[in-house]
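Coordinates in review
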Amino acid sequence: MLNTRAKNLSPSPTMAIDGRAKKLIAEGVDVVNLSVGEPDFDTPETAKAGGRTAIDQGFTKYTAAAGIIELREAIADKLRRENGLDYSADEIVVSNGAKHSLFNVFMVLLDPGDEVIIQAPYWVSYPEMAKISGGTAVIVKTDASTGFELTPDMIERSLTAKTKAINLNNPCNPTGVVYSREKLQAIADIAVRNNLMIISDEIYERLTYDGAEVVCMATLGPDVRARTITVNGFSKAYAMTGWRLGYTASPKPLAKAMTELQSHSTSGPSSITQKAALAGLKGDRSFITTMREEFDKRRRFAMERLRSIQGFELEVVPSGAFYVFPNVTKLFGQTIGGGKVETTDDLCLAILDEARVAIVPGSSFGSPEHVRISYATSMDKLREGFDRIEKLLTANVATAALR
Ligand SMILES: Cc1ncc(COP(=O)(O)O)c(C=O)c1O
């Protein structure tokens, strides 16, 4: 029944563990869910009010495929003011979430056989999107030895005649890494020299800590801007995951192609959501700072707890997003809850089944030595989650036996 494309699809692994945790919760099991990828904060009132007004005023019809002009202008304005990026409204395409934006990018960029360099640990959907669009994901594994950063050397070694693009996620889900200007510039120079496109997913740009600042790739010069597609959205900074709104800023020919593609797939995003996002952009944005400060407290708490949990080793301090990504290989070979733990998947399942805490195996992100723990949840839940994991490991693992 299914074509080859469908047969080759892999389900989103983070959704799978989240789904299993949610099923247990629905069955009445008390699970602490530290697998989530969305802020636990409420959507700001300004954005909600914008959505309500849209409904009340009957702004409930189709919009332009690329999104309403007022929103694209407001996004261009935001990019200029906050990010030092100069885009006109017709270089902005608004889509149903940054995931959809990325999907559009891969679909208009890659020809069959074209290669896109993707750093591991990666956000789960990039390799799948490359595959669906007919391209090939060239996964370049990074680890703590380079601070989970892609180095120029690694990129140079991965280049072939078919390399079309470099995909970068800054700040990174799952590692929390934020690239410095110098390191981004080195990557951009390779792209310029080799005539490559750059897909720069900057959706976590407002969530950075320890003074880290996100330098937007496209600010690094006209020749970099000309080959960069910036991807961003409202899910993380505006706590609007369910509203579904993302966008791209790119050179005009790409924006035009993505608009046409979108016009034949989803049409424009929800009219109500667009008005909500517009009101959010125009309204008071101090809540972003409040949310960031709260995330920072939890990040520090999570790092502190990880220090005392045996077998969890935080190799790189995360300075962005809302995850910690410890190495857990010391626990491989241990028996936890009656089962032998040989992989990160075994460990996450044991922790879910025995401690009732949901975390995500690093295998989902192309990094089978790690687990991802989200701190986008209340301090109480975070504390409870770490307490449970600590208790389970203390009861099951003899420190002396750790590898
Ligand atoms: C790195 C990264 N990019 C894109 C997305 C997609 O976000 P959206 O909800 O806007 O589709 C996510 C969501 O988790 C993400 O972590």
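The present account deals with the structure reproduced in this document. (Residues numbered from 1 in each chain as written. Predicted model: local features only at pLDDT ≥ 70, side-chain atom pairs only at ≥ 80, totals over all residues. Heavy atoms only, no water.)

1. Details of the side chain of His370
Here His370 is to be found in the loop between strand E13 (360-361) and strand E14 (371-374). One polar contact links His370 to Ser367, side chain to side chain, over a distance of 2.9 Å. Excluding anything up to four places from it in sequence, His370 contacts Phe148, Glu315, Phe325, Pro326, Asn327, Val328, Thr344, Pro361 and Gly362. (Helix = DSSP H or I, 4+ residues; strand = E, 2+ residues; numbered from the N terminus. Polar contact = N/O pair within 3.5 Å; in protein donor to acceptor, adjacent residues only side chain to side chain. Contact = heavy atoms within 4.5 Å.)

2. Some words on the sheet that holds strand E2 (residues 92-95)
Read from one edge of the open sheet, seven strands run E2-E8-E7-E6-E5-E3-E4, paired in mixed fashion. The two strands at the open ends of the sheet, each matched to only one other strand, are E2 and strand E4 (136-141). Strand-to-strand twist in this sheet, taken as the mean axis angle between neighbours without regard to direction, amounts to 20°. Pairing analysis gives four bridges linking strand E3 (residues 115-120) to strand E5 (residues 163-169), with the strands arranged parallel. Counted as the bridge partner of Ile117 is Ile166 from E5. Of the strands in this sheet, E2, E3, E5, strand E6 (197-201), strand E7 (228-233) and strand E8 (246-249) touch helix H5 (residues 98-109), which is tilted by about 160° from E7. Against the sheet, helix H10 (residues 252-265) touches E2, E6, E7 and E8, its axis set at about 25° to E2. (Pairing = 2+ DSSP bridges. Axes fitted to C-alpha atoms, helices over the stretch in contact; angles between N-to-C directions.)

3. Some words on the site of the ligand
Around the ligand there are 13 residues in total, and Ala98, Asp201, Ser235, Lys236 and Arg244 lie nearest to it. In the model, a nitrogen atom of the ligand is placed 2.6 Å from a nitrogen or oxygen of the Asp201 side chain. In this structure, Ser235 approaches the ligand through a side-chain N or O atom, which is 2.6 Å from an oxygen atom. Against a free-state accessible area of 400 Å², the protein chains account for coverage of 92% of the ligand. (Near = heavy atom within 4 Å. Areas by Shrake-Rupley, 256 points an atom, 1.4 Å probe, with all protein chains shown as cover.)

4. Examining helix H11 (residues 271-282)
Given a rise of 1.5 Å per residue, 12 residues ought to cover 16 Å, and the 17 Å separating the end C-alpha atoms of H11 matches this to within 8%. Against the buried residues of H11 lie helix H3 (45-56) and helix H4 (69-83). For H11, the N-terminal cap is Ser270; the gap from its side-chain oxygen to the backbone nitrogen of Ile272 is 3.2 Å. (Expected span 1.5 Å × (residues − 1).)

5. Notes on helix H8 (residues 181-193)
The end-to-end C-alpha separation of H8 is 18 Å, in line with the 18 Å expected for 13 residues at 1.5 Å each. When H8 is considered as a whole, its buried residues turn out to be Leu184, Ile187, Ala188, Ile190 and Ala191. Seen along its axis, H8 keeps its buried residues to an arc of 155°; they face one direction. Away from the buried face of H8 by more than 90 degrees, exposed residues Glu182 and Arg193 are located. With its phi angle positive at about 55°, Asn195 sits one or two positions after the end of H8. (Buried < 20%, exposed > 50% of the residue type's maximum accessible area, 1.4 Å probe, protein only. Arc of directions from axis to C-beta.)

6. Digging into the side chain of Glu115
For Glu115, the location among the structural elements is in strand E3. Although Glu115 is buried, it forms no salt bridge, and the closest oppositely charged side chain is Lys162 at an N-O distance of 5.7 Å. Not counting the four nearest positions on each side in its chain, Glu115 is found in contact with Thr136, Val138, Thr160, Lys162, Thr163, Lys164 and Ala165. (Lys, Arg positive; Asp, Glu negative; His and termini not counted. Salt bridge = Lys/Arg side-chain N within 4 Å of Asp/Glu carboxyl O.)

7. Considerations on the pairing of E5
Each regular strand shows side chains that alternate between the opposite faces of the sheet. E5 sits mainly inside the fold: six of its seven residues count as buried. Note on the crossover from E5 through H8 to E6: the handedness is right-handed. (Right-handed = clockwise from strand over helix to strand, strands pointing away.)

8. Things to note about the environment of Tyr179
Relative to the helices and strands, Tyr179 resides in the loop between E5 and H8. Exposure remark for Tyr179: the relative accessible area of 1% places this residue in the buried category. Note: C-alpha distance between Tyr179 and Leu150 (29 residues apart in sequence) is 9.3 Å. Once residues within four sequence positions are removed from consideration, Tyr179 is found in contact with Gln119, Phe148, Glu149, Leu150, Leu168, Asn170, Leu184, Ile187 and Glu213. Among the polar contacts made by the side chain of Tyr179, one reaches the main-chain amide nitrogen of Leu150 at a distance of 2.7 Å.

9. What about unusual backbone geometry?
Looking along the chain, the bond that leaves Asn170 and enters Pro171 is cis, with omega of -5°. Note that the residue after Asn173, namely Pro174, is joined by a cis bond; omega there is 25°. Here Pro174 is to be found in the loop between E5 and H8. Phi is positive for Phe148, which is not a glycine, with a value near 60°.

10. As for the packing of H3 against H11
Where H3 meets H11, the closest approach of the two axes is 7 Å, and the angle between their N-to-C directions is 140°. Taken together, the axes of H3 and H11 are oblique relative to one another. In the packing of H3 onto H11, the handedness of the crossing is right-handed. Only Ile272, Lys275, Ala276, Ala279 and Gly280 of H11 make contact with H3, whose side of the interface consists of Thr46, Ala47, Gly50, Gly51, Ala54 and Ile55. A breakdown of the residues in the contact of H3 with H11 according to their chemical character gives six nonpolar, four polar and one charged. (Parallel < 35°, antiparallel > 145°, perpendicular 65-115°, else oblique. Left-handed = near helix turned anticlockwise from the far one by under 90°. Nonpolar A, V, L, I, M, F, W, Y, C, P; charged D, E, K, R; others polar.)

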